[in-house]
Amino acid sequence: MTWPGIQPTGTPHIGNYVSAISNWVKLQQRYPNNVLLSIVDLHSITVPQSKDELRKNILNMAACLLGCGVDPAKTILFQQSMVPYHTELAWILSCLCTLPRIEKLAQWKDKKSKVKEPSVGLLTYPILQAADIMLYKSTLVPVGEDQTQHIELTRDLARAFNRVHGVVFPDCKMLAGEVSKIRSLRNPLVKMSKSEANEKSRINLTDTPDEIREKIKKAVTDLTSEVTYDPDNRPGVSNLIEIHLALSDLSVDEVVEESYLQAEDTGIYKQRLAQVIIDKLAPIRQQILQYQADPGYLAQVLQAGAERASAIAEQTMAEVRLMVGHR
């Protein structure tokens, strides 16, 4: 089994698409009916939000995933909280994890520094993430490099359970994506993020052509007009080229050469890149808007996916309970 998950917080952006979602669509072709794609709403409530906002975000994320090509006939697409075994396994795993082990995770150190009084949920959500993976005995987990420590924790917890209670869980490994992470249009030193307050820092999959043109026009570059690829010294322009590469079959040399032959400066190149993005996202945006207009269908897809996921999870938990001694 392959397990990716995504939080229902805002609309996915172009970075989410090229580094994660498009790869998940490829995985469903390679492993039909063996990919579990979870909208992890339990993780998302580590950040306070109203119930109406959360429900809207869950359905919006489902619409975006379907619009990008996720096929519920090939991928088990479901809402995490609709399968209660996730939290049951997370509790059992939390009893195998020490406080020093969880506190040394880099993301915990980063997140707690941004919150005045961090919650226990914010501290322990990596254990829930481990449960998400282990519940389906997933062996491949397509995540970014920033999740390396969490996958290591998952492996540690699987081995701890197998050692203490009996062998149930296989080892899992990271499945690296084919595209490097896309960076913020306003600060090319950090990755593009759904949670960034500045809307101009990202291109959402539902942005209009005018919005895309404006955001690319305002993207941070530098005072050099020539289009060159130099991530260390010219991160802004290099980020735009990486977006171009991710949405085309071109190489870095081909993008730079094409710009040179057309005598483009960065301003003119931005206009051409904006059109490349618009052309790529147009059919995706159209599909997303169609799915968003039918929340009843989205709810049906998530319900059907939860039933399929529950059938797998129930078998795992039967083994876990037997090993732990709960029955």
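This text goes with the structure placed above it.
Right, let's walk through the structure included here. (Residues numbered from 1 in each chain as written. Predicted model: local features only at pLDDT ≥ 70, side-chain atom pairs only at ≥ 80, totals over all residues. Heavy atoms only, no water.)

What to know about the overall build of the protein chain
Inference 1: Counting secondary structure elements, the protein chain contains 13 helices and five strands.
Inference 2: Taking 2.2 N^0.38 as the reference for a compact globule, 327 residues should give roughly 20 Å; the C-alpha atoms of the protein chain span a radius of gyration of 21 Å, in line with that estimate.
Inference 3: In terms of overall dimensions, the protein chain has C-alpha extents of about 75 × 45 × 40 Å along its principal axes.
Inference 4: Across the 327 residues in the protein chain, those meeting the buried criterion constitute 46%.
Inference 5: Within the protein chain, contacts between residues separated by at least 24 positions form 75% of all contacts whose residues are at least 6 apart in sequence. (Helix = DSSP H or I, 4+ residues; strand = E, 2+ residues; numbered from the N terminus. Rg over C-alpha atoms; globule rule 2.2 N^0.38 Å. Buried < 20%, exposed > 50% of the residue type's maximum accessible area, 1.4 Å probe, protein only. Contact = heavy atoms within 4.5 Å.)

Here's the deal with the sheet that holds strand E3 (residues 75-79)
Inference 1: Spatially, the three strands line up as an open sheet ordered E1-E2-E3, and their pairing is parallel. Edge positions in the sheet fall to strand E1 (5-6) and E3, since each has one partner strand and no second.
Inference 2: Alignment of E1 against strand E2 (residues 35-39), held across two bridges, turns out to be parallel. Opposite Ile6, over in E2, you have Ile39 as the bridge partner. (Pairing = 2+ DSSP bridges.)

Focus: the pairing of E3
Inference 1: Burial of E3 is extensive: five of the five residues sit out of reach of the surface.
Inference 2: Across the two faces of E3 the burial is the same, with Thr75, Leu77 and Gln79 and Ile76 and Phe78 all buried.

Let's talk about the nonpolar core
Inference 1: In terms of nonpolar packing, the biggest core is built from 51 residues, with Leu65, Leu77, Ile216 and Ile277 touching the most fellow members.
Inference 2: Of all the elements in the fold, those that place two or more residues in this core are helix H1 (14-30), E2, helix H3 (51-67), helix H9 (209-217), helix H10 (235-246), helix H12 (266-292) and helix H13 (295-324).
Inference 3: With nine residues, H3 is the single largest residue contributor to this core.
Inference 4: Each residue touching Leu65, except ones within four places of it in the same chain, is listed here: Ile6, Ile21, Trp24, Leu37, Ile39, Val70 and Leu77.
Inference 5: Trp3, Leu36, Val40 and Leu128 belong to the second-largest nonpolar core, a separate cluster that totals 40 residues. (Core = buried A, V, L, I, M, F, W, Y, C linked by side-chain atoms within 4.5 Å.)

Section: the side chain of Lys270
Inference 1: Note that Lys270 resides in helix H12.
Inference 2: For the buried residue Lys270, which engages in no salt bridge, the nearest side chain bearing the opposite charge is Asp222, 9.0 Å off.
Inference 3: Among the polar contacts made by the side chain of Lys270, one reaches the main-chain carbonyl oxygen of Lys217 at a distance of 3.1 Å.
Inference 4: Beyond its immediate sequence surroundings of up to four residues, Lys270 is in contact with Ile216, Lys217, Lys218, Ala219, Thr221 and Leu240. (Lys, Arg positive; Asp, Glu negative; His and termini not counted. Salt bridge = Lys/Arg side-chain N within 4 Å of Asp/Glu carboxyl O. Polar contact = N/O pair within 3.5 Å; in protein donor to acceptor, adjacent residues only side chain to side chain.)

Some thoughts on helix H7 (residues 120-134)
Inference 1: Taking 1.5 Å as the rise per residue, H7 with 15 residues should run 21 Å; its terminal C-alpha atoms sit 21 Å apart, in good agreement.
Inference 2: Where H7 bends most, the angle comes to about 35°, and this point is Pro126.
Inference 3: Of all 15 residues in H7, twelve are buried, a share of seventy percent or more.
Inference 4: The set of residues buried in H7 consists of Leu122, Leu123, Tyr125, Pro126, Ile127, Leu128, Gln129, Ala130, Ala131, Asp132, Ile133 and Met134. (Expected span 1.5 Å × (residues − 1). Bend = angle between axes of the 7 residues up to and from the residue.)

Quick notes on the packing of aromatic side chains
Inference 1: Enumeration according to the criterion identifies three aromatic pairs in this entry.
Inference 2: Measuring from ring centre to ring centre gives 6.1 Å for Tyr291 and Tyr297, while their planes differ by 20°; the resulting arrangement is stacked. (Phe/Tyr/Trp six-rings, centres within 6.5 Å; stacked < 30°, edge-to-face > 60°.)

Some details on H10
Inference 1: Here H10 contains twelve residues, and its C-alpha end-to-end distance of 16 Å stays within 8% of the 16 Å for a straight helix at 1.5 Å per residue.
Inference 2: Across the twelve residues of H10, ten count as buried, placing the element largely inside the fold.
Inference 3: Listed as buried for H10 are Gly236, Val237, Ser238, Asn239, Leu240, Ile241, Glu242, Ile243, His244 and Leu245.
Inference 4: Buried residues belonging to H10 abut H1, H9, helix H11 (252-261) and H12.

Describing a positive patch on the surface
Inference 1: A grouping of Arg186, Lys200, Lys217 and Lys218 is seen on the molecular surface, where their side chains present a positively charged patch.
Inference 2: Topologically, Lys217 is positioned in helix H9.
Inference 3: For Lys217, a relative accessible area of 57% puts it in the exposed group. (Patch = residues over 30% accessible without salt bridge, like charges linked within 9 Å, V, L, I, M, F, W, Y side chains within 5 Å. Areas by Shrake-Rupley, 256 points an atom, 1.4 Å probe, with all protein chains shown as cover. Charge placed at Lys NZ, Arg CZ, Asp CG, Glu CD.)

Let's talk about the pattern of salt bridges
Inference 1: Following the criterion strictly, the structure yields eleven salt bridges and no others.
Inference 2: Among the salt bridges present, the one from Asp207 reaches Lys215, with a minimum N-O distance of 2.7 Å.
Inference 3: Overall, the relative accessible area of 7% leaves Lys215 in the buried class.
Inference 4: Notably, a salt bridge pairs Arg272 with Glu264, separated by 2.7 Å at the nearest N-O pair.
Inference 5: In this structure Arg272 comes out as buried when scored by relative accessible area, which is 17%.
Inference 6: In this structure, a network of salt bridges that share partners links the residues Glu199, Arg202, Asp207 and Lys215.

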